[in-house]
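# Summary of the model geometry
So the chains spell out like this:
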Amino acid sequence: MPYYLTDEHFFFSDVRGFISNRSQPGGSAGIGYRYLREDINAWSGASLWYDADNSSSKLFQQVGLSFEGLIQRYELRSNVYIPVTSSQTISDTVGGGAI
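Read on for an overview of the structure. (Residues numbered from 1 in each chain as written. Predicted model: local features only at pLDDT ≥ 70, side-chain atom pairs only at ≥ 80, totals over all residues. Heavy atoms only, no water.)

### Considerations on the overall build of the protein chain
Our working definition: In DSSP terms, a helix is any run of H or I states spanning at least four residues, a strand is any run of E spanning at least two, and both are numbered starting from the N terminus. A simple rule labels every residue: compare its accessible area, found with a 1.4 Å probe on the protein chains alone, to the largest value its type can have, and call it buried under 20%, exposed over 50%, or partly exposed in between. Contacts were defined at the residue level, with two residues in contact if any of their heavy atoms lie within 4.5 Å. Per-residue and other accessible areas follow the Shrake-Rupley method at a 1.4 Å probe size, with only the shown protein chains counted as cover for residues.
When its secondary structure is counted, the protein chain shows zero helices and eight strands. Ordered by position from the N terminus, the helices and strands of the protein chain form the series β-β-β-β-β-β-β-β. The buried share among the 99 residues of the protein chain stands at 19%. Pairs at least 24 apart in sequence give 29% of the contacts found in the protein chain among residues at least 6 apart. Just so you have it, the protein chain exposes about 7500 Å², and 57% of that area is on carbon and sulfur atoms.

In structure tokens:
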């Protein structure tokens, strides 16, 4: 959803949440910016995200950075994810058998 929109500047944010089948919460929130250059038919942008997921009964958190650009028909997008949660074993079984 845009919060500030002009001919060249676009600020946006998004918030989402969920409840797992085991009644565990999770969600994400983010903010971003895009800049339009109509004279060369291009735009670029960046955004910052926070994710939390407790659906496995062990809270996992991460921060995400997104970068994007488009010039005429060519696109470049990149995402970087940085875990905030310390390293941990989420599960030590696969399909009912031990790993």
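### A closer look at the side chain of N54
With respect to the secondary-structure elements, N54 resides in the loop between β4 (42-53) and β5 (60-71). Using a relative accessible area of 18% as the deciding quantity, one classes N54 as buried. Beyond its immediate stretch of four places on either side in the chain, N54 contacts Q24, P25 and L59.

### Some words on the environment of R77
Rule in force here: Polar contact is the term for a pair of N or O atoms within 3.5 Å; when the atoms are in protein, one must be able to donate a hydrogen and the other to accept it, and sequence-neighboring residues count only if both atoms are side-chain atoms.
By the element assignment, R77 lies in strand β6 (residues 74-83). Sequence spacing of R77 and F67 is ten residues, and the spatial spacing of their C-alpha atoms is 5.7 Å. Ignoring sequence-local partners within four residues, the contact set of R77 consists of W43, F67 and E68. Only 3.0 Å separates the side chain of R77 from the side chain of E68, close enough to count as a polar contact.

### Overview of the pattern of salt bridges
This is how the line gets drawn: For this analysis, a salt bridge means a side-chain nitrogen from Lys or Arg found within 4 Å of a carboxyl oxygen belonging to Asp or Glu.
For the structure on display, the rule yields five salt bridges. Note that E75 and R77 form a salt bridge whose closest N and O atoms lie 2.8 Å from each other. Among the charged side chains, a network of salt bridges with common partners joins R34, E68, E75 and R77.

So, to be careful, I would describe these as geometric facts and stop short of saying anything about function.
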